[in-house]
Amino acid sequence: MIRLQRRTLLGLLADPFGASARIMELDGDQLRVTRRDRVESLSVQSLARPPVVRRGMFGSALVVGPGGSADIVLKGAGHGDAREFSVGLEHAWVGANLSALDEAAARLNRLVAAV
């Protein structure tokens, strides 16, 4: 399991009202996002694009774009930690998409063989 948590002081400065995510955890092919006291879980395969790390004045922000809904942002993280989490999430995302493509290719091959 890979975990990214915003730093206390940087998180307070970057997100004073607590609107963004506080913790992101990658556990296999599930991404858990904690905002205040709510925990959301979504599949890595449901992400529309790879994660992006943006460096800012008060730490870095990790932006994850799930398909069909608003971006999930974690502000106030350390840049190295955010990059490491981003790379791990991107590898999981690519792996999930490749396995989905392999399953679709197998189905198409069975269909072609039947015809």
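Heads up: the structure comes first, above all this text.
Small disclaimer: the values here were computed from a predicted structure and weren't measured. All residue numbers here refer to positions counted from 1 along the written sequence of the relevant chain. Residue-level local features of this predicted model are given only where pLDDT is at least 70; pairs of side-chain atoms are given and counted only at 80 or more, and the full residue set underlies all totals for whole chains, interfaces and linings. The side-chain values count all of the structure's non-hydrogen atoms but skip hydrogen atoms and water molecules.

Okay, the overall build of the chain next. Working definition: helices are DSSP H or I runs of at least four residues, strands are E runs of at least two. Numbering for both runs from the N terminus. If you tally the helices and strands in the chain, you get two helices and seven strands. Ordering the α and β elements of the chain from the N terminus gives β-α-β-β-β-β-β-β-α. When we talk radius of gyration, it's over C-alpha atoms, and the globule rule is simply 2.2 Å times the number of residues to the 0.38. Relative to its length of 115 residues, the chain is extended, with a C-alpha radius of gyration of 17 Å against a globular reference of 13 Å. Per-residue accessibility, obtained with a 1.4 Å probe over protein chains only, is compared with the maximum for each type, and a residue is labelled buried under 20%, exposed over 50%, and partly exposed between these values. Burial analysis of the chain (115 residues in total) assigns 35% to the buried set. When contacts within the chain are restricted to residue pairs at least 6 apart in sequence, those whose partners lie at least 24 apart make up 46%. Of the roughly 7,000 Å² of accessible surface on the chain, a fraction of 56% belongs to carbon and sulfur atoms. Charged side chains in the chain number 15 positive and 12 negative. The centres of these two groups are separated by 6 Å. Contacts are assigned to residue pairs with any non-hydrogen atoms lying within 4.5 Å of each other. All accessible-area figures derive from a Shrake-Rupley calculation using a 1.4 Å probe, and residue coverage is judged against the displayed protein chains alone. We count Lys and Arg on the positive side and Asp and Glu on the negative side, and we leave His and both chain ends out. By convention, the charge on Lys lies at NZ, on Arg at CZ, on Asp at CG and on Glu at CD.

Right, let's get into helix α2 (residues 79–114). Helix span is expected to be 1.5 Å times the residue number reduced by one. Helix length check: α2, at 36 residues, gives a terminal C-alpha distance of 52 Å against a target of 52 Å (1.5 Å per residue), a fit within 8%. Along α2, the positions that sit buried rather than exposed are Ala82, Phe85, Ser86, Gly88, Leu89, Trp93 and Ala96.

For the rest of this paragraph, the subject is the sheet that holds strand β3 (residues 30–35). What holds strands together in a sheet is hydrogen bonding between their backbones, with the strands either parallel or antiparallel. Strands qualify as paired when DSSP identifies two bridges or more between them. Taken in spatial order, the four strands of this open sheet run β1-β2-β3-β4, and their pairing is antiparallel. The two strands at the open ends of the sheet, each matched to only one other strand, are β1 (2–5) and β4 (38–43). Across the sheet, the mean angle separating the axes of adjacent strands is 15 degrees when strand polarity is ignored. Of the pairings in the sheet, the one linking β1 to strand β2 (residues 23–27) comprises four bridges and is antiparallel in character. The partner of Leu4 across the bridge, within β2, is Met24. Every axis in this analysis is a line fitted to C-alpha atoms, fitted for helices over the stretch in contact. Angles between the N-to-C directions lie between 0 and 180 degrees.

Once that is clear, we can look at the pairing of strand β7 (residues 72–77). Burial of β7 is extensive: five of the six residues sit out of reach of the surface. Pairing of strand β6 (residues 59–66) with β7 involves four bridges; the strand directions are antiparallel. Pairing of Leu62 across the sheet is with Leu74, part of β7. Here β6 folds back onto β7, and the loop between the two strands holds five residues, one of which, Gly68, carries a positive phi near 85 degrees.

Next up on the list: the pattern of salt bridges. Salt bridges are defined as contacts in which a side-chain nitrogen from Lys or Arg sits within 4 Å of a carboxyl oxygen from Asp or Glu. Under the definition given, this model contains seven salt bridges. With a closest N to O distance of 3.3 Å, Arg32 and Glu25 form a salt bridge. One salt bridge connects Arg35 with Glu40, and the closest N-O pair in it is separated by 3.2 Å. The partly exposed category is assigned to Glu40, whose relative accessible area is 26%. Linked through salt bridges whose partners overlap, the residues forming this network are Arg3, Glu25, Asp27 and Arg32.

Spatial relationships are all this shows, so hold off on functional conclusions.
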